[in-house]
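Geometric and topological summary
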Amino acid sequence: MAARGNFSSRIGFIAAAAGSAVGLGNIWGFPYEAGAGGGAIFVLVYLFFCFALCFPVMLTELAIGRKSGRNAVGAFEALGHKKWNFIGKLGVLSGVLILSFYNVIAGWAFGYTFEMAAGNFEVTEHFRAYTTNIFAVGSYGLLFMIATAYIVSKGVSEGIEKAAKVLMPSLIIMMFSLIIYSLFLPNAMAGIKFFLLPDFSKLTSTVVFNAMGQAFFSLSLGMGTFITYGSYIKKNDNLIGSAALITLTDVGIAITAGLMIFPLIGFISGGSLSGVGRGPELIFVTLPHIFGEIGPTAGAIVGMVFFLLLCFAALTSTVSLLEVPVSYVVDEFKLSRKKAAWLMSGIVYLIGIPSLMGNGYSSYFSEFITYIGADQPTDFLSFIVNIANDSFLPLGGALMVFFAVHIWKKENMEAEIAVGFENYENSWVRKYLRFVMPVLLPGTLFIIFSMIVLSTFFGF
Ligand code: PFF
């Protein structure tokens, strides 16, 4: 069998893994979810989930990946439990579905870079017209998918690692420049207060579910991304340290995105924070409008930098989304990496076409399904989000943790985590894992999964 790839250094792995985590979820999803979920209270619940629930799931995935040295499906067989590889298959399916719509949104962002550069802030008023023009946005999406496939086809260290090492630092520099800029606008502080001072009266079950979903998606958990990336790392790396660093980077970038965007919202709303779209359209409708207000030249520059940054963040995530199915077919069906990357990306692009058409172009896909108890139909893209992100990821996470503790056995998992972490026996991490992993964590994830399914699809 051809040699599998490897990350050439720990820092390269961290860059790629953090690159997977940091994406549209942080810069597009997090601010709008926080905006819709009452601001700081959402942030607080989200932080709790990231560290208390998601961090152990990430460790679990990394341990399974490194021990088995295989892809998300083959890993279960390599550990001696082939019957459980349905968990990996669910992960591959989630990856394909998520990438299919994620690429559509990345394509929109890519197109906006040119719109902003041309000073076309009008696009804000016509977002619907923009997404309806599927030949233009479909081409941007196609280019984005080609870039993703190209990086994945180059392999782990030459493609994924190299790209992440350039894209991630550029992203961070661009974000900090924009924060400094936005903090000096009038009424910036009103936005910051909304984002950072919690109002506990706004805590509802919807806030809790959304924060949970957001944490899972943002950390790329529940579909085997970290099983796959974990299979490419060295035996002596410290998994706990790596998982902590990846989580901190992801959370840090989400908070940074909030610090960048909420001052802009404070500015445009004159400090009242009302009347500003806070849904998914936040980034595509509200922000360009703000860039236009800043002035024609400065606005074009700021806008272009912003959307370029969004593309960079998205690209390291689409690469990881594609790597999960690619590594599966390379390992299990002995396809060459190059063929696998181009083939899978082609398939995923085709699966994404209904999502592309469901934003105004085709009324069939725009009003695809009406859930039980709902009074509005759901478009195809949101339908896939509801299935893959909201349902499959927490389910996959629950199953992986259950598998690791009860089937693979916690002693084996602990032995793997202890490799590269000298004082594991006496660490608080060990105590914490022993406390949450057997029942509390998989149980909570399973309950959340069930509640999400019942409330989303069945109107409970
Ligand atoms: N974490 C990415 C984001 O926040 O945009 C999305 C993602 C990437 C989810 C990879 C899942 C995944 F496996």
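Okay, so let's go over this structure. Since we're looking at a predicted model, the values are computed, not measured. (Residues numbered from 1 in each chain as written. Predicted model: local features only at pLDDT ≥ 70, side-chain atom pairs only at ≥ 80, totals over all residues. Heavy atoms only, no water.)

Quick look at the overall build of the chain now. What the chain contains, in helices and strands, is 21 helices and zero strands. Taking the principal axes of the C-alpha coordinates as reference, the chain spans close to 60 × 50 × 45 Å. The contacts in the chain between residues at least 6 apart in sequence include a share of 82% that link residues at least 24 apart. Accessible surface, the chain: about 17600 Å² in total, of which carbon and sulfur atoms supply 67%. Here the chain carries 26 positive and 25 negative side-chain charges, and the mean point of each set is 12 Å from the other. (Helix = DSSP H or I, 4+ residues; strand = E, 2+ residues; numbered from the N terminus. Contact = heavy atoms within 4.5 Å. Areas by Shrake-Rupley, 256 points an atom, 1.4 Å probe, with all protein chains shown as cover. Lys, Arg positive; Asp, Glu negative; His and termini not counted. Charge placed at Lys NZ, Arg CZ, Asp CG, Glu CD.)

Tracing the chain through its elements places S182 in helix α8 (residues 156-183). Overall, S182 belongs to the buried group, its relative accessible area being 1%. Not counting residues within four places of it along the chain, the set of residues in contact with S182 comprises A188, L259, M260, P263 and L264. (Buried < 20%, exposed > 50% of the residue type's maximum accessible area, 1.4 Å probe, protein only.)

Another point: the site of the ligand. Not every one of the 15 residues close to the ligand is listed here, only the nearest: A21, G25, Y102, F217 and T225. One of the backbone N or O atoms of G25 is found 2.7 Å from an oxygen atom in the ligand. One of the side-chain nitrogen or oxygen atoms of N26 is found 3.3 Å away from an oxygen atom of the ligand. For the ligand, whose free accessible area comes to 340 Å², the fraction covered by protein is 100%. When contributions to the shell around the ligand are tallied by element, the ones reaching two or more residues are α1 (10-21), α2 (24-36), α10 (205-218) and α14 (296-333). Grouping the constituent residues of the shell around the ligand by class yields six nonpolar, nine polar and no charged. (Near = heavy atom within 4 Å. Polar contact = N/O pair within 3.5 Å; in protein donor to acceptor, adjacent residues only side chain to side chain. Nonpolar A, V, L, I, M, F, W, Y, C, P; charged D, E, K, R; others polar.)

Phi is positive for S220, close to 55 degrees, though the residue is something other than glycine. Considering the arrangement of structural elements, one finds S220 in the loop between α10 and α11 (225-230). You can call S220 buried: its relative accessible area is 10%. Even without being glycine, K334 reaches a positive phi, approximately 55 degrees. Tracing the chain through its elements places K334 in the loop between α14 and α15 (337-351). We classify K334 as exposed; its relative accessible area is 54%.

Glancing now at the environment of I14. Its place among the elements puts I14 in helix α1. For I14, a relative accessible area of 8% puts it in the buried group. Considered as a pair, I14 and M189 are 175 residues apart in the sequence and their alpha carbons are 34 Å apart. Not counting residues up to four positions away in its chain, the partners in contact with I14 are G19, S242 and L245.

For the structure on display, the rule yields twelve salt bridges. K202 serves as the salt-bridge partner of D199, at 3.7 Å between the closest nitrogen and oxygen. Taking the shortest distance from any N to any O, the salt bridge between E414 and R434 comes out at 2.8 Å. Placement of the pair is E414 in helix α19 (residues 410-418) and R434 in helix α20 (residues 428-436), with a sequence separation of 20 residues. Given a relative accessible area of 12%, E414 falls into the buried group. Taking relative accessible area as the criterion, R434 reaches 38% and is therefore assigned partly exposed. Linked by salt bridges that have partners in common, E414, E425, R430 and R434 make up one network. (Salt bridge = Lys/Arg side-chain N within 4 Å of Asp/Glu carboxyl O.)

Glancing now at the side chain of E416. Checked against the element boundaries, E416 lands in helix α19. E416 sits in the buried class, given a relative accessible area of 4%. Within the structure, the side chain of E416 is placed 2.7 Å from the side chain of R66, a separation counted as a polar contact. Among residues more than four places away in sequence, those in contact with E416 are A63, R66, K67, K235, L239 and W408.

Counting residues in each nonpolar core, the largest one holds 171 residues, and the members touching the most others are I27, I283, F284, F291, F306 and F307. Ranked by the residues each element gives to this core, the list is headed by α14, at 17 residues. Setting aside chain neighbours within four positions, we find F307 in contact with A109, Y112, T113, M116, I283, F284, P288 and F291. (Core = buried A, V, L, I, M, F, W, Y, C linked by side-chain atoms within 4.5 Å.)

On to the packing of α8 against α14. α14 packs onto α8 with a crossing angle of 150 degrees between their chain directions and a minimal axis gap of 9 Å. On the basis of their axis angle, the class for α8 and α14 is roughly antiparallel. α14 is crossed by α8, and the crossing has left-handed handedness. Each of V156, I160, A164, L167, M168, S170, L171, M174, M175, L178 and Y181 in α8 lies in contact with α14, whose residues at this interface are A298, V302, V305, F306, L308, L309, F312, A313, L315, T316, V319 and E323. When its residues are assigned to classes, the contact of α8 with α14 shows 20 nonpolar, two polar and one charged. (Axes fitted to C-alpha atoms, helices over the stretch in contact; angles between N-to-C directions. Parallel < 35°, antiparallel > 145°, perpendicular 65-115°, else oblique. Left-handed = near helix turned anticlockwise from the far one by under 90°.)

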